[in-house]
Amino acid sequence: MSRIQHTLRNSRWGFVSRLVCVFSPFVIRTLVINELGANYLGLSGLYVSILQVLNMAELGISSAIVFSLYRPLAEKDKNTVCALMALYRKLYRYIGLGILTVGLCVTPFLSHIIKGDVPNDINIYLLFLLYLANTSLSYLLYAYKSSLLTADQRSDIVNKVQMAIMLLQYILQIAVLIIFKDYYVYYILTPICTCLYNVCLSRIVDYTYPEYKPSGNLPETIVKDLKQRVKGVLIGKICMVSRSAISSILLSAMMGLVTVAVYSNYFLIITSLSSFTTVFITAMSASVGNSMVTESEKKNYQDFQKFTFLYAWITGIFSVCLLCLYQPFMLLWVGRDLMLPFQLVVAFSIFYFIQTSGDIKSVYMNAKGLWWENRYRTILESIFNLIFSWLFIHWLGVLGAVIGPMLSLLIFNFGMSTTIMYKYCFPHFPLSDFFKQYINYIVVTAIAGGISIIIINSYKQYITSNWWTLLATCVVSVIVPNIIYSLFYSHYKLYPDAKKFVIQLIKRK
């Protein structure tokens, strides 16, 4: 199969999997709020954030291993693939034990980072141990095997298994919440399904790749290169964790669990949208890795510009949808008492667009294995994200939890990261082109958002039903940006090539 066919297949199943894994949590969270209360969501958001910090023990080994598997899989180098899998298995088992040990050490201090009331029927320590067990189990079982499927452009298999197991988990959890109204029984299904997912994936990998068994040792040169890449990915993991987890932990310590619950509801929308765009990013990652190994710099640069343009178009529409649909959806979902002011909606929408501006760059940097070269940028982003978040939460409350990470993203991810990528991936092409193009994307998206809001505010008062308001707003927030983008970009130099590419994808499909 061609790289485009692999990407299409992986995207298709990734999208279906995301539909299950994104929309089901909305049902779950609604039931938790209605049946148990918002404090339970706040506690869940805090524990997930703490475990994201502990997950730094993974060191990003999976990314480094997948990168190392591209060439030996393409060349059918069985010995190297088997040796990499053996190393991966051993490291993941050490990591699982490490996370378990550190998590047990953290447990006695939980009460110091929880401000406000805790649900009466919950033992915060026992519940945290269940969350900890779920995180550790993946590493201790067969999670390492998924790297073989990812590197071989078969992430569709991973998505199919994940979709089936997650659907089973959510159905059982919904039944438990309705019948028993017990959070312990509800959550214990998560580690059980984690075990089931790992076992099923292990069986499929053994059947699909019977020739690749974890065995043998790697040459010292490969091990040395791998160690350096892992160090670079570790620093990158710290940066990613600081973006998503630090704000929740600081909000819990400074403002309480209910604030974390409200914030996490809004952030869940961004995470859900990102998971859909990540489907395309994940689907194309192995294909880009293959292209970077086999194609010329000029061909890869043309592809990079085309993908960046298309991705900015898609994420621009999503950003406008966030701006227009956040409040109507939240009103219907959780009610007015758990809503944030409109200025937070604007901040979340801008944050999403800035965050996704680095997605295509990340694909090419990962394909080139630039984790070590990117280390200083990620260190600076992590430090300033913590500083900015702490300062702005003190000054602005919940708004500061969005502005802090946004500033660090804009300065270090958008600025420094692009410079590093061009230096190593496209050294013969001008860096200024990227910034000029993306400033153009930002301005056009801002215009599209502003016009959409004006149109929506002009008719909203005449529609009495909230559901009809939501539907009409959804239509406007999709159609208006597409019209504006078409008007602005119809004479843009990348437009004909991008249009031709999309038409080819449709014909192939």
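Calculation rules
- Residues numbered from 1 in each chain as written.
- Predicted model: local features only at pLDDT ≥ 70, side-chain atom pairs only at ≥ 80, totals over all residues.
- Heavy atoms only, no water.
- 1 Å grid on protein atoms, 1.4 Å probe; cavity = no way out; pocket = protein on both sides within 12 Å on 5 of 7 lines; lining within 4 Å.
- Points joined across faces, edges and corners; volume = space filled by probe spheres on them.
- Helix = DSSP H or I, 4+ residues; strand = E, 2+ residues; numbered from the N terminus.
- Nonpolar A, V, L, I, M, F, W, Y, C, P; charged D, E, K, R; others polar.
- Polar contact = N/O pair within 3.5 Å; in protein donor to acceptor, adjacent residues only side chain to side chain.
- Contact = heavy atoms within 4.5 Å.
- Buried < 20%, exposed > 50% of the residue type's maximum accessible area, 1.4 Å probe, protein only.
- Axes fitted to C-alpha atoms, helices over the stretch in contact; angles between N-to-C directions.
- Parallel < 35°, antiparallel > 145°, perpendicular 65-115°, else oblique.
- Left-handed = near helix turned anticlockwise from the far one by under 90°.

Looking now at empty space enclosed by the protein. Within this structure, the stated rule accounts for 2 cavities of 30 Å³ or more. Put simply, the second largest cavity is a space of about 30 Å³. Taken together, Phe309, Ala312, Trp313, Tyr441, Thr445, Tyr485 and Tyr489 form the lining of the second largest cavity. Elements with a contribution of two residues or more to the lining of the second largest cavity: helix H12 (297-333), helix H17 (431-459) and helix H18 (466-489). Across the lining of the second largest cavity, the residue classes tally to 6 nonpolar, 1 polar and no charged.

Here we come to the layout of surface pockets. The computed volume of the second largest pocket comes to approximately 520 Å³. Within the residue set of the lining of the second largest pocket, elements represented by two or more residues are helix H1 (3-35), helix H11 (257-294), H12 and H18. Among the elements that line the lining of the second largest pocket, the one with the most residues is H12, at 6 residues. Its residues assigned to classes, the lining of the second largest pocket shows 16 nonpolar, 1 polar and no charged.

Take the side chain of Asn134 next. Take Asn134: it is sitting in helix H5 (residues 124-140). Of the polar contacts made by the side chain of Asn134, one reaches the side chain of Thr194; its length is 2.5 Å. Setting aside its immediate chain neighbours within four residues, Asn134 contacts Tyr187, Thr190, Pro191 and Thr194.

Extensive coverage of helix H10 (residues 246-255) is indicated by the burial of 7 of its 10 residues. Those residues of H10 that fall on the buried side of the exposure criterion are Ile246, Ser247, Ser248, Ile249, Leu250, Leu251 and Ser252. Phi for Gly256, located one or two positions after H10, is positive at around 105°.

Moving on: unusual backbone geometry. If you check the backbone angles, Lys181 has positive phi at about 50° while not being a glycine. Residue placement: Lys181 occurs in the loop between helix H7 (155-179) and helix H8 (183-208).

What follows concerns the side chain of Ser349. Note that Ser349 resides in helix H13 (residues 342-356). Its relative accessible area of 6% is what places Ser349 among the buried residues. Separated by 2.8 Å, the side chain of Ser349 and the backbone oxygen of Val345 make a polar contact. Those residues in contact with Ser349, other than ones at most four positions away along the chain, are Ser319, Leu322, Leu323 and Tyr326.

It is the contact of H12 with H17, at a shortest axis distance of 9 Å, that shows an interaxial angle of 25°. If you check the angle between H12 and H17, you find them roughly parallel. Read as a crossing pair, H12 and H17 show a hand that is right-handed. On H17, the residues touching Tyr301, Phe304, Gln305, Thr308, Phe309, Ala312, Gly316, Val320, Leu323 and Cys324 of H12 are Asp433, Phe434, Gln437, Tyr438, Tyr441, Thr445, Ala448, Gly449, Ser452, Ile453 and Ile456. A class-by-class count of the residues in the contact of H12 with H17 yields 13 nonpolar, 7 polar and 1 charged.

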